[in-house]
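The chain contents come next:
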Amino acid sequence: VQLQASGGGLVQAGGSLRLSCVASVHTFSRHVMGWFRQAPGKERDFVAVISWSGGSTYYADSVKGRFTISRDNAKNTVYLAMNSLKPEDTAVYFCAAGELDQPINSLFYGADYWGKGTQVTVSS
């Protein structure tokens, strides 16, 4: 599974961005997908995860109510819509995928496949 994320950039506090991640795998609809982020000098943290069909989602408390994860299985793409951005959201955001046919909680603490990351910078 290869993952290519895009959509990062520089935005002012209170602004919005939408990240996209395209997966090069024919079994995309059978992989749990998610997003993690890593701020400078910190560990990589869980942000959000979405089930195979998109019917279930989970979020880190720090982004709940501001970020929305979604997927389009016809396009092999997962999205992260980020609203009301704060300076503390500044990080490299990584797209992540679970192994084939794994449950949604398999992505809570790590992933089997990672994208290269896209930088999100929120200025105050």
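Conventions we followed
- Residues numbered from 1 in each chain as written.
- Predicted model: local features only at pLDDT ≥ 70, side-chain atom pairs only at ≥ 80, totals over all residues.
- Heavy atoms only, no water.
- Pairing = 2+ DSSP bridges.
- Helix = DSSP H or I, 4+ residues; strand = E, 2+ residues; numbered from the N terminus.
- Axes fitted to C-alpha atoms, helices over the stretch in contact; angles between N-to-C directions.
- Contact = heavy atoms within 4.5 Å.

### Examining the sheet that holds strand β8 (residues 77-82)
Part 1 of the reasoning: In spatial order, the strands read β1-β3-β8-β7; together these 4 strands make up an open sheet with antiparallel pairing. Edge strands, defined here as strands with exactly one partner in the open sheet, are β1 (2-6) and β7 (67-72). When the angles between neighbouring strand axes are averaged without regard to direction, this sheet yields 15 degrees.
Part 2 of the reasoning: Pairing of strand β3 (residues 17-24) with β8, which is carried by 6 bridges, proceeds in the antiparallel orientation. Residue pairing across strands places L17 opposite M82, the latter belonging to β8.

### Observations regarding the environment of F46
Part 1 of the reasoning: Relative to the elements of secondary structure, F46 occurs in strand β5 (residues 44-50).
Part 2 of the reasoning: A C-alpha to C-alpha distance of 9.6 Å links F46 and F94, two positions 48 residues apart in sequence.
Part 3 of the reasoning: In this view, F46 contacts W35, F36, Y58, Y59, A60, L107 and F108; residues no more than four positions away in its chain are not counted.

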